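Survey of secondary and tertiary structure
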Amino acid sequence: MLQNLHVKNLALIDEIEVEFGDGLNILTGETGAGKSIILGSVNLALGGRYSKDILRQGADYGLVELTFFVENEAQVRKLKELDIYPEEGMVLLSRRLMTGRSVSRINGETVQIGLLKEVAQILIDIHGQRDSQELLSTEKHMAFVDGFGELGKELAAYREVYKKLQEAREKLESLQMDESYKLQRQDILQYQIGEIEGAKLTPGEEEELLAQREIIRNAEKITSALGTSYQLLTGGEEGLGLVSGLEGLGEELETASRFIEELGDYREKTEDLRYELEELSSTLRGYLDDYNFDPRQLDEVESRLDLIHRLKKKYGATIQEILDYWERSAQELDELTFADERAEKLRGEVADLTGKAKELAAVLSKKRKEAGERFIQSVQQELAYLDMPGVRLTLRLTARELGPSGQDGVEFFISANPGEEPKPLSKTASGGELSRVMLSIKNVLAGRGGVGTVIFDEVDTGVSGRAAQKIGLKLAQVAVGRQVICVTHLAQVAAYAGHHSRIYKQVEAERTYTHVEVLDREERVRELARINVGENITSTALDSAREMLTLAGN
């Protein structure tokens, strides 16, 4: 149940709190007072779209918060499946609106707007003025029947098989290509695979070749530096290098250390240094041998790099991408080579899945027909109650090709007057008829979705008089065991409210503000009278309003 609505900085609203109770909650007010803003703000809190001009002039942000009390076990279970856990039965949905972006939260935790919408579907069902237009969509007609018949399990089983069928069909279609194109593609793939395989590429090879090329290009500088370093260490032919010098130094220090003990440590360090330099000279000798390059080696490296460059232009920006391309091409060639065998296997799969899908679709059709008959009968009773006894609603099921929802076409037909043949509802119903048909459908479906709060925005559009009274009574019946919130412009509907709030606007300091006030009985009398006769309220109008409330049980 929606307990509280908090709105800040939206349109004419500076900041308001609206409290709701169980049963039937009615909102009334003059045209332009802000009734649409109130329900529009609920839509915004539930993830609806908005434009920057919705923000109150001068405000940097807008805020909408909805506080729900959830005690229905099915709702709690569905919320927990989304990792939403009511805190002491409460769930707080909020949305902060700024220019170009918004922040959504559930119980204070920031969430993606998609999750906000999923939670909203569990907690509340909003039927706005435009929602009657759903009846103009034959796809929605099927959804109503399936929802009434609780065919979710059957529909899910069918769709699982149908999805596999579509995937098998797509695979089969991709294999059934023109034979000449197939042969051309095979030739291209064979050439490309052969070219890549012939190159015998290895990951990291290009980097190694580039480094090797750099060394070869600078081989003269490298060998000169290595030779000089080696000569400094060994002394060349004269043998007067650092190594031999350190050897002589060590011998002299050894003689001196016999008399000066402190020099013994220096002798050992000199010996260690000599060993290290001998190792370095050996290493340099090895490098000198290794870097004795033949000019033809550079040609080989350049030729290899050129090959890699040409392959990169064709198949990928790196050697790894070229190898990935080779792997994909080899797989495609394999598929083309064995396409006929795979196609034959897929034809068998398609035939098998088509048979299963038709079986499940037949079950779905049977149950849909049974549910449709019961659904139409129930809606027909509701329409009769809403002063539409001469209106006849029928349901037509037509056979179609297998589709996402089975093999049925479902459409409502309506006959507005006795003796007239039913015609498509989407083409012939008036606005008032659509409103009452939708209310009837909502009442028939009440309780099947487990949603605790239903909002109707001017569901009484296009009706008046006795029909309006019937709509008010029907809304009160729908509100038994659940919460209904309704915006209305008819006193006959408002009279049935269990909780009645008036929305009005007021100019303060040259700015317009929307306010909401909860009405007591006498205030309700005056509001009903205002709705009936306007601002010039007479005692007769007040007496009529009191009688209206009394007849409605209030």
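None of these values were measured; they are calculated from a predicted model.

**Description of the pairing of strand 12 (residues 453-457)**
Of all five residues making up strand 12, five are buried, and the element is well covered by its neighbours. Covered by surrounding structure in strand 12 are Thr453, Ile455 and Asp457 together with Val454 and Phe456, the residues of both alternating faces. In terms of strand pairing, strand 8 (residues 124-127) meets strand 12 through four bridges, oriented parallel. Counted as the bridge partner of isoleucine 126 is isoleucine 455 from strand 12.

**Looking at unusual backbone geometry**
The backbone of alanine 11 shows a phi angle near 50°, a positive value even though the residue is not glycine. Residue classification places alanine 11 among the partly exposed positions, given a relative accessible area of 24%. Even without being a glycine, asparagine 107 presents a positive backbone phi close to 50°. Checked against the element boundaries, asparagine 107 lands in the loop between strand 6 (101-106) and strand 7 (109-111). The class for asparagine 107 is partly exposed, based on a relative accessible area of 23%.

**Looking at the sheet that holds strand 15 (residues 511-518)**
Each strand in a sheet pairs with another by means of backbone hydrogen bonds, the pair being arranged parallel or else antiparallel. Here six strands make up an open sheet; going across it, the order is 8-12-13-3-14-15 and the pairing mixed. Strands at the two margins of the open sheet, each flanked by one partner only, are strand 8 and strand 15. For this sheet the average axis-to-axis angle between neighbouring strands, irrespective of direction, equals 15°.

**Let's talk about the pairing of strand 4 (residues 62-69)**
When you tally the buried positions in strand 4, you get six out of eight residues, the bulk of the element. Strand direction decides the pairing type here: strand 1 (residues 2-10) and strand 4, joined by six bridges, are antiparallel. Directly across from asparagine 4, in strand 4, lies its bridge partner threonine 67. The pairing of strand 4 with strand 5 (residues 90-98) spans eight bridges and is classified as antiparallel. Bridge assignment links phenylalanine 69 to a residue of strand 5, and that residue is methionine 90.

**Section: the packing of aromatic side chains**
In total, this model carries four aromatic pairs according to the counting rule given. Seen in terms of ring centroids, tyrosine 315 and tyrosine 325 are 5.0 Å apart; in terms of plane orientation they differ by 35°. Their pairing is tilted. Of the two residues, tyrosine 315 sits in helix 11 (residues 295-315) while tyrosine 325 sits in helix 12 (residues 319-337), which places them 10 residues apart along the sequence. Using a relative accessible area of 19% as the deciding quantity, one classes tyrosine 325 as buried. Three or more aromatic residues link up through ring pairs in this structure, and these residues are Phe148, Phe375 and Phe412. The aromatic ring of tyrosine 513 is capped on one face by arginine 56, whose charged end is 4.4 Å from the ring centroid. Its guanidinium or amino end placed over the ring of phenylalanine 413, arginine 396 lies 3.9 Å from that ring's centre, counting from NZ or CZ.

**Some words on a negative patch on the surface**
Residues Glu261, Glu262, Asp265, Glu268, Asp272, Glu276 and Glu279 make up a contiguous surface patch of negative charge. Examined against the element boundaries, glutamate 261 turns out to sit in the loop between helix 9 (242-257) and helix 10 (263-290). You can call glutamate 261 exposed: its relative accessible area is 71%.

Rules of the game
Residues numbered from 1 in each chain as written. Predicted model: local features only at pLDDT ≥ 70, side-chain atom pairs only at ≥ 80, totals over all residues. Heavy atoms only, no water. Buried < 20%, exposed > 50% of the residue type's maximum accessible area, 1.4 Å probe, protein only. Helix = DSSP H or I, 4+ residues; strand = E, 2+ residues; numbered from the N terminus. Pairing = 2+ DSSP bridges. Axes fitted to C-alpha atoms, helices over the stretch in contact; angles between N-to-C directions. Phe/Tyr/Trp six-rings, centres within 6.5 Å; stacked < 30°, edge-to-face > 60°. Lys NZ or Arg CZ within 6 Å of the ring centre and 35° of its normal. Patch = residues over 30% accessible without salt bridge, like charges linked within 9 Å, V, L, I, M, F, W, Y side chains within 5 Å. Areas by Shrake-Rupley, 256 points an atom, 1.4 Å probe, with all protein chains shown as cover. Salt bridge = Lys/Arg side-chain N within 4 Å of Asp/Glu carboxyl O. Lys, Arg positive; Asp, Glu negative; His and termini not counted. Charge placed at Lys NZ, Arg CZ, Asp CG, Glu CD.

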